[in-house]
Amino acid sequence: MKPKTMMIHSGITGDEKTGAVSVPIYQVSTYQQPKAGEHTGYEYSRTANPTRTALETVIRDLEGGASGYAFGSGMAAITAVMMLFNSGDHIVMTDDVYGGTYRVITKVLNRIGINATFVDTSDPEAVKKAILPETKAVYIETPTNPLLKMTDLKAVGRITKEANILMIVDNTFLTPYFQKPIEHGADIVLHSATKYLGGHSDVVGGLVVTATEALGEELHFVQNSTGGILGPQDSWLLMRGMKTLGLRMEAHHQNAQKIAEFLKQHPAITRVFYPGLSSHPGHELAKTQATGFGGMISFDIGKEENVDTFLSQLNLFTIAESLGAVESLISVPARMTHASIPKDRREALGITDGLIRISVGIEDIDDLLHDIKQGLDALTNG
Ligand SMILES: Cc1ncc(COP(=O)(O)O)c(C=O)c1O
């Protein structure tokens, strides 16, 4: 089955009892047991819920893995994955990883003895060098947030296989429609489903897919033990969003490519980060491991004073955290998503105070270009 068909037909669709074509929302916590101690596959909704199972099956199939799991947020999903490790274990992580991921590892998981070294995973040699005897996983975001750096998944996959450790990929930015990390050697793929998978800024959720059933069982044990599950209403909303994932991703990508090309030639912009630009250092790699470049662009408008002038001119780009929805959003990473990363570290990574990140929506491209253009005109004319 091709991905766009899978989005509609994969997993458990409809309802056998009534013929309803949409999976019912099983708003239920417990299930009648035919005999004490025997159940029909569902006994308590923390352990499993049919609406959640349907969602977990769709993401499993889209990522081409063995098992899927749905959590109450991307951070709950990431934390559950980290709970596969023990005190004393070490993880090698992408250096400009999402700020919340950096925070949970450096301020929460460190308290229970799980620590990380942050390296530029776009350099496989740096990954190799950072692996210690106690390293249990390499955790990658590609492209990264907000600088859109690309990591060679196959190269890191070879390193993790050789070291007999796990490769974990946060696939939030490209989604399985454009990138399937398990095909390149990942053992675990995870998502902030709040973003493109949901796609409508109306649900917070996290999804995880494991490449093997054995890993899936370990993760289900953590999920059931710690309880950070996604509820049935939100599972249904996510599934509804995912039915149009293919169409939306194509539209995000097409709009983003045009906006990136426009920004690239604009005199008010000092740097543009978008993997679809041939000038982007990860462009060739992106073409080999992904089928699209996504809808995220970052660009530098120089001085911090320019930021508020530019933002105040925009009508279609909403200033907000988050990304990946039908409407275009704009953020200032240093003040917003990455504010929890210390300033000196941010600067070392290239996340300057004038860096702007846009999540390009699926509005008409002419309107989006017009909005950006008049915002930038305020800088060049001011
Ligand atoms: C790449 C990435 N991973 C994980 C997360 C965390 O997900 P959530 O906000 O759903 O907890 C985010 C949130 O912005 C993200 O951008």
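That block above? That's the structure.
Described in the following lines is the structure provided in the data block. Here the residue numbers are simple positions, counted from 1 along each chain's written sequence. Only residues with pLDDT of at least 70 are given local features in this predicted model, and only at 80 or more are side-chain atom pairs given and counted; all residues enter the totals for whole chains, interfaces and linings. Where side-chain values are given, they derive from all heavy atoms of the structure, hydrogens and water being excluded.

## Focus: helix 14 (residues 365-381)
Phase 1 of the analysis: Helix and strand assignments come from DSSP, with helices taken as H or I runs of at least 4 residues and strands as E runs of at least 2, each series counted from the N terminus. Here a helix's expected span is defined as the number of its residues, less one, multiplied by 1.5 Å. Between its first and last C-alpha atoms helix 14 spans 24 Å; for 17 residues at 1.5 Å apiece the expected length is 24 Å, and the two agree.
Phase 2 of the analysis: In this description, contact between two residues means that some pair of their heavy atoms is separated by no more than 4.5 Å. Residues of helix 14 that are buried sit in contact with helix 10 (245-264), helix 12 (304-313) and strand 12 (355-359).

## Notes on the site of the ligand
Phase 1 of the analysis: Whether a residue is near a molecule or strand is decided by its heavy atoms; if any one of them lies within 4 Å of it, the residue is near. If you check the shell around the ligand, you find 13 residues, and the closest are M75, D170, S192, T194 and K195.
Phase 2 of the analysis: K195 has a polar side-chain atom sitting 2.6 Å from an oxygen atom of the ligand.
Phase 3 of the analysis: Relative to its unbound accessible surface of 390 Å², the ligand loses 90% to contact with the protein.
Phase 4 of the analysis: At three residues, the largest contribution of residues to the shell around the ligand is made by helix 3 (residues 74-82). Nitrogen and oxygen atoms within 3.5 Å of one another constitute a polar contact, given that in protein one can donate a hydrogen and the other can accept it, and given that sequence-neighbouring residues count only through two side-chain atoms. Per-residue and other accessible areas were derived by the Shrake-Rupley procedure at a 1.4 Å probe size, with only the shown protein chains allowed to occlude residues.

## So, the nonpolar core
The nonpolar side chains of a soluble globular protein tend to be buried, and buried together.
Phase 1 of the analysis: We call a set of buried Ala, Val, Leu, Ile, Met, Phe, Trp, Tyr and Cys residues a nonpolar core when their side-chain atoms join them within 4.5 Å. Only protein chains enter the accessibility calculation, which uses a 1.4 Å probe; a residue is then buried when its area is under 20% of its type maximum, exposed when over 50%, and partly exposed in between. If you look at the biggest cluster of nonpolar residues, it comprises 49 residues, and the most contacted ones within it are L55, L197, L207, L238 and M242.
Phase 2 of the analysis: Among all residues touching L197, those that are not within four sequence positions of it are I59, T175, P176, H191, L207, L238, G241, M242, L245 and R248.
Phase 3 of the analysis: Listed in part, the 32 residues of the second largest apolar core include F262, V307, F310 and I330.

## A closer look at the packing of aromatic side chains
Phase 1 of the analysis: Two aromatic rings, drawn from Phe, Tyr or Trp (for Trp, its six-membered ring), form a pair once their centres lie within 6.5 Å of each other, and the interplanar angle then sorts them: stacked below 30 degrees, edge-to-face above 60, tilted otherwise. Within the structure shown, the criterion is met by five aromatic pairs.
Phase 2 of the analysis: On the numbers, 5.4 Å between centres and 45° between planes, the contact of Y177 with F178 is tilted. Both residues of the pair, Y177 and F178, belong to the buried class.
Phase 3 of the analysis: With a centroid separation of 6.4 Å and an interplanar angle of 75°, the aromatic rings of Y274 and F293 are classed as edge-to-face. With Y274 in the loop between strand 8 (271-273) and helix 11 (283-289) and F293 in the loop between helix 11 and strand 9 (296-300), the pair connects residues that are 19 residues apart, well separated along the chain. Here Y274 and F293 have matching classes, each one buried.
Phase 4 of the analysis: Over the ring of Y98 we find K195; its NZ or CZ atom is 6.0 Å from the centre of that ring.
Phase 5 of the analysis: If you follow R345 out to its NZ or CZ, it ends over the ring of F118, 5.2 Å from the centre. Note on geometry: a ring has a charge over it if NZ (lysine) or CZ (arginine) is within 6 Å of the ring centre and within 35 degrees of the ring normal.

## What about the pattern of salt bridges?
Charged atoms that come close allow side chains of opposite charge to pair.
Phase 1 of the analysis: Salt bridge, as used here: a side-chain nitrogen of Lys or Arg that lies within 4 Å of a carboxyl oxygen of Asp or Glu. This model, assessed by the stated rule, comprises 16 salt bridges.
Phase 2 of the analysis: Where D353 meets K343, a salt bridge forms, and the shortest distance between an N and an O atom there is 2.7 Å. Here D353 is found in the loop between helix 13 (343-349) and strand 12, whereas its partner K343 is found in helix 13, with ten residues between them in sequence.
Phase 3 of the analysis: Each of D95, D120 and K149 takes part in salt bridges that share partners, so that together they form one network.

## Some points on the pairing of strand 5 (residues 166-170)
Phase 1 of the analysis: Counted residue by residue, strand 5 has five buried out of five residues, so it is predominantly covered.
Phase 2 of the analysis: A two-sided burial pattern is seen for strand 5, the buried positions comprising L166, I168 and D170 on one face and M167 and V169 on the other.
Phase 3 of the analysis: Think of it this way: DSSP has to see at least two bridges between two strands before they count as a pair. Of the pairings in the sheet, the one linking strand 4 (residues 135-141) to strand 5 comprises five bridges and is parallel in character. Opposite Y139, over in strand 5, you have I168 as the bridge partner.
Phase 4 of the analysis: Traced from strand 4 through helix 6 (residues 153-163) to strand 5, the parallel crossover comes out right-handed.
Phase 5 of the analysis: Note: strand 5 against strand 6 (residues 188-192), three bridges, orientation parallel. Handedness of a crossover is defined as follows: with both strands directed away from the viewer, a clockwise route from the first strand across the helix to the second makes it right-handed.

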